[in-house]
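Secondary and tertiary structure notes
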Amino acid sequence: MNARGWLTLALLVFCTSAMAAQGGDDVLAHGARDGDAPAWSVAVASPAGWTRDCCMYAKAIGVDAVLYQGEWTGKPDRVMVLNTWPRKLATLADEVAADRKQYLQRDAKGKATDLRIGNPHMPCAGVVYQGSDRIDDVVVFCDPGQASGIRLSWSMSFADGDATLHPLLDAFMQVATNTRYERYVEPKK
């Protein structure tokens, strides 16, 4: 089986067994009230050895949060990226379809494989993109519900055949399957 076959198989195995989130204060990122959408927060425990950042590197690259190992390099590979945006499309399936269409328009020789995600806190759906540039991406979209006013995604890029693929995917799926949406309440000063 080639490296891309292993990628798909590994992701399917990891999706079927969600890991339990660790306790504690695990709010990773939050956003202010926006129109009818209440203030929000996204919470998840970080995998062991991963650094959380919502406020320095994440803001510099225009995302809500990142999880990374080692020193920050500014390169997107092997970095988990959290994005949130206001709900615009009718369904989660529409979000996934729009992303897939955009990806395949940019890379006509790329491949996209659906990925089932077992997040007990909200509906999620994933896609594995295998780029013709030998860079692969895994993206998980989640819908915290109409009342939240937002949708969110986790993504991570890595080189095809990356020697650390299995532990990377294990950590990524731990995050994707345990992410929770919460209404954000500003801490009292």
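Residues numbered from 1 in each chain as written. Predicted model: local features only at pLDDT ≥ 70, side-chain atom pairs only at ≥ 80, totals over all residues. Heavy atoms only, no water.

Focus on helix 4 (residues 165–178)
Rules: What counts as a helix is a DSSP run of H or I of at least four residues, what counts as a strand is a run of E of at least two, and both are numbered from the N terminus. Expected helix span is computed as 1.5 Å times (number of residues minus one). To sort residues, take the accessible area from a 1.4 Å probe on protein chains only and compare it with the maximum for the residue type: under 20% means buried, over 50% means exposed, and anything in between is partly exposed.
The terminal C-alpha atoms of helix 4 lie 20 Å apart, and with 14 residues this matches the ideal 20 Å at 1.5 Å per residue to within 8%. Of all the 14 residues making up helix 4, eleven are buried; the element is thus mostly covered by neighbouring parts of the structure. Listed in full, the buried residues belonging to helix 4 are L165, L168, L169, A171, F172, M173, Q174, V175, A176, T177 and N178.

Observations concerning the sheet that holds strand 10 (residues 180–183)
This is how it is decided: Should DSSP find at least two bridges between two strands, the strands are taken to pair. Here an angle of 0 to 180 degrees is reported between the N-to-C directions of two axes, which are lines fitted to C-alpha atoms, with helices fitted over the stretch in contact.
The strand order across the open sheet built from three strands is 1-2-10, with neighbouring strands paired in antiparallel fashion. The open sheet is flanked by strand 1 (27–31) and strand 10, the only strands paired with a single partner. Direction aside, neighbouring strands of the sheet carry axes that sit 25° apart on average. Relative to strand 2 (residues 40–43), strand 1 is paired through four bridges, and the arrangement is antiparallel. Within the sheet, the bridge partner assigned to H30 lies in strand 2 and is S41.

Side note on the state of the cysteines
By definition, a disulfide links the sulfur atoms of two cysteines through a covalent bond. Applied cut-off: Any two cysteine sulfur atoms within 2.5 Å of one another count as a disulfide.
For the structure shown, the criterion picks out two disulfides. Each sulfur of the disulfide joining C54 and C55 lies 2.4 Å from the other. Across the S-S bond of C54 and C55 the torsion is about -45°, and the bridge reads as left-handed. Here C54 falls in the partly exposed class, since its relative accessible area comes to 22%. You can call C55 exposed: its relative accessible area is 57%. What connects to what in the chain, once the bonded cysteines are numbered by sequence position, is 1-2, 3-4.

Digging into the side chain of D160
Note the cut-off: Any pair of nitrogen or oxygen atoms within 3.5 Å is treated as a polar contact; in protein, a donor-acceptor pairing is required on top of that, and neighbouring residues in sequence qualify only through side-chain atoms on both sides.
If you trace the backbone, D160 turns up in the loop between strand 9 (150–159) and helix 4. Here D160 falls in the buried class, since its relative accessible area comes to 16%. In terms of polar contacts, D160 uses its side chain to reach the side chain of R134, at 2.5 Å.

So, the side chain of R151
How we decide: Note on definitions: a residue-residue contact is assigned when non-hydrogen atoms from the two residues lie within 4.5 Å.
Within the fold, R151 resides in strand 9. A polar side-chain atom of R151 sits 3.0 Å from a polar atom in the side chain of E95. Here the side chain of R151 touches D143 through a polar contact of 3.3 Å, side chain to side chain. Sequence-distant contacts of R151, defined by excluding residues within four places in its chain, comprise N83, T84, W85, R87, L89, A90, T91, L92, E95, C142, D143 and P144.

A short note on the sheet that holds strand 5 (residues 80–86)
Sheets are built from strands that pair by backbone hydrogen bonding, the pairs being arranged parallel or antiparallel. Overall, antiparallel pairing links the seven strands, which are arranged 3-4-5-9-8-7-6 in an open sheet. Single-partner strands in this sheet number two, and they are strand 3 (51–53) and strand 6 (111–116). Direction aside, neighbouring strands of the sheet carry axes that sit 20° apart on average. Of the pairings in the sheet, the one linking strand 8 (residues 135–142) to strand 9 comprises eight bridges and is antiparallel in character. Residue pairing for strand 9: V139 is matched across the bridge by S155. Together, strand 5, strand 6, strand 7 (124–130), strand 8 and strand 9 form the strand contacts of helix 3 (residues 92–106), whose direction differs from that of strand 7 by roughly 10°.

Things to note about the pattern of salt bridges
Pairs may arise between side chains of opposite charge once their charged atoms sit close together. What counts here: Put simply, a salt bridge is a Lys or Arg side-chain nitrogen that is within 4 Å of an Asp or Glu carboxyl oxygen.
This model, assessed by the stated rule, comprises eight salt bridges. E95 is the partner of R151 in a salt bridge, and the nearest nitrogen-oxygen pair spans 3.0 Å. Of this pair, R151 sits in strand 9 while E95 sits in helix 3, placing them 56 residues apart in sequence. Classification of E95 by relative accessible area gives buried; the value is 10%. In this structure, D143 and R151 form a salt bridge, with 3.3 Å as the shortest nitrogen-oxygen distance. Comparing D143 with R151 shows no difference in burial state: the two are buried. Three or more residues joined by partner-sharing salt bridges are found here, namely R87, E95, D143 and R151.

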